[in-house]
Amino acid sequence: MEKVDVNRIQLAYERRGQGTPMVLLHGFPLDHHLWDEVLPLLEDTFDLIVPDLRGFGNSTMIDAPHSMDDYASDIASLLDHLNIQKAAIVGHSMGGYVALAFARQYPGRVGGLGLVSSQVLADAPERKEGRYKSAADVEANGIGSVVEAMAPKFTAAEKLQAYARESMQRQQPSAYIGALKAMAERADSTDLLSSFHFPMVIVHGDSDSLIPIDRAREIKATLPQAHLVEIQGAGHMPMMEAAEKTAEALRHLA
Ligand code: MLT
């Protein structure tokens, strides 16, 4: 992986393919490998930039709180480094929250937006409180209970659950804590949708038990021109459960 110094951290990223620049952002608490299955399906059309968000995978973090805006700023600095002005920004779940923060801060740099298994809503108060409890639990006891709680919710497919567990176990406790707090404090992005004058693709599994499909349908109802692809039988990892359908949907951002 390449690495670049941005915002006092080292951001690691994969780059492959040729065509329209497209950034693929992983969700919580994973890393860029989440996208491994779709990269070969998109590399003939897109210049794919696939980072590890700060603290995750091979990217470092600093010992200070950060926000969704900070993750987004890291991505803007990475694009600066690559001399890319505008890109399609695609995010999975928490990566979608980062994509929305990016669109809020840098609207002129968004060529298209993809939300995969994500949502525009902020946390309800009880969810927010749950995030802080999880962060305190990780601080005191490590990542084990978050991993065990999340793995079965990612997907019903046992093989992929094992993958998700392994991927979650690779990540640092500090990355969990930083991300849980950043997610708890994220803004509601519903108001942002009406300002979108670029193509938008929404991909969601109809069996997602972490973020229900209704969140995707609500976005489509607010923004009828968005291209919504509902994937029958998929859970929270459509890019692995249904890589071809996910890639086909993302091609609308070319
Ligand atoms: C994710 O998959 O990134 C998280 O489950 C999102 C969330 O907890 O809101």
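Presented here is a report on the structure given in the accompanying data block.

Procedures and definitions
Residues numbered from 1 in each chain as written. Predicted model: local features only at pLDDT ≥ 70, side-chain atom pairs only at ≥ 80, totals over all residues. Heavy atoms only, no water. Near = heavy atom within 4 Å. Polar contact = N/O pair within 3.5 Å; in protein donor to acceptor, adjacent residues only side chain to side chain. Areas by Shrake-Rupley, 256 points an atom, 1.4 Å probe, with all protein chains shown as cover. Helix = DSSP H or I, 4+ residues; strand = E, 2+ residues; numbered from the N terminus. Nonpolar A, V, L, I, M, F, W, Y, C, P; charged D, E, K, R; others polar. Buried < 20%, exposed > 50% of the residue type's maximum accessible area, 1.4 Å probe, protein only. Pairing = 2+ DSSP bridges. Right-handed = clockwise from strand over helix to strand, strands pointing away. Axes fitted to C-alpha atoms, helices over the stretch in contact; angles between N-to-C directions. Contact = heavy atoms within 4.5 Å.

Once that is clear, we can look at the site of the ligand. Around the ligand, a shell composed of Gly-27, Phe-28, Ser-93, Met-94, Tyr-97, Arg-127, Arg-131, Met-150, Met-183 and His-236 is seen. Met-94 is positioned with one of its backbone polar atoms (N or O) 2.8 Å from an oxygen atom of the ligand. Between the ligand and Arg-131, the relevant distance is 2.7 Å, taken from an oxygen atom to a side-chain nitrogen or oxygen of the residue. Look at the ligand: alone it shows 270 Å² of surface, and the protein chains cover 97% of it. The set of elements that each furnish at least two residues to the shell around the ligand consists of helix H3 (94–105) and helix H4 (125–141). Its residues placed into classes, the shell around the ligand shows 5 nonpolar, 3 polar and 2 charged.

Of all 6 residues in strand S5 (residues 87–92), 6 are buried, a share of seventy percent or more. As paired strands, strand S3 (residues 20–25) and S5 are joined by 4 bridges and run parallel to one another. The residue bridging Leu-24 from the neighbouring strand is Val-90, located in S5. Crossover handedness for the path S5 to H3 to strand S6 (residues 110–116): right-handed.

What follows covers the sheet that holds strand S2 (residues 9–16). What the 8 strands build is an open sheet, ordered S1-S2-S4-S3-S5-S6-S7-S8; its pairing is mixed. In the strand order of this sheet, the two ends are held by strand S1 (2–6) and strand S8 (227–231), each with one partner. Averaged over all adjacent pairs, the angle separating strand axes in this sheet is 20 degrees, with direction ignored. Alignment of S6 against strand S7 (residues 200–205), held across 4 bridges, turns out to be parallel. Bridging across to S7, Gly-114 finds its partner in Val-201. Strands S6, S7 and S8 of the sheet are contacted by helix H8 (residues 213–222), whose axis makes an angle of about 155 degrees with S7.

Just geometry here; none of it tells us what the structure is for.
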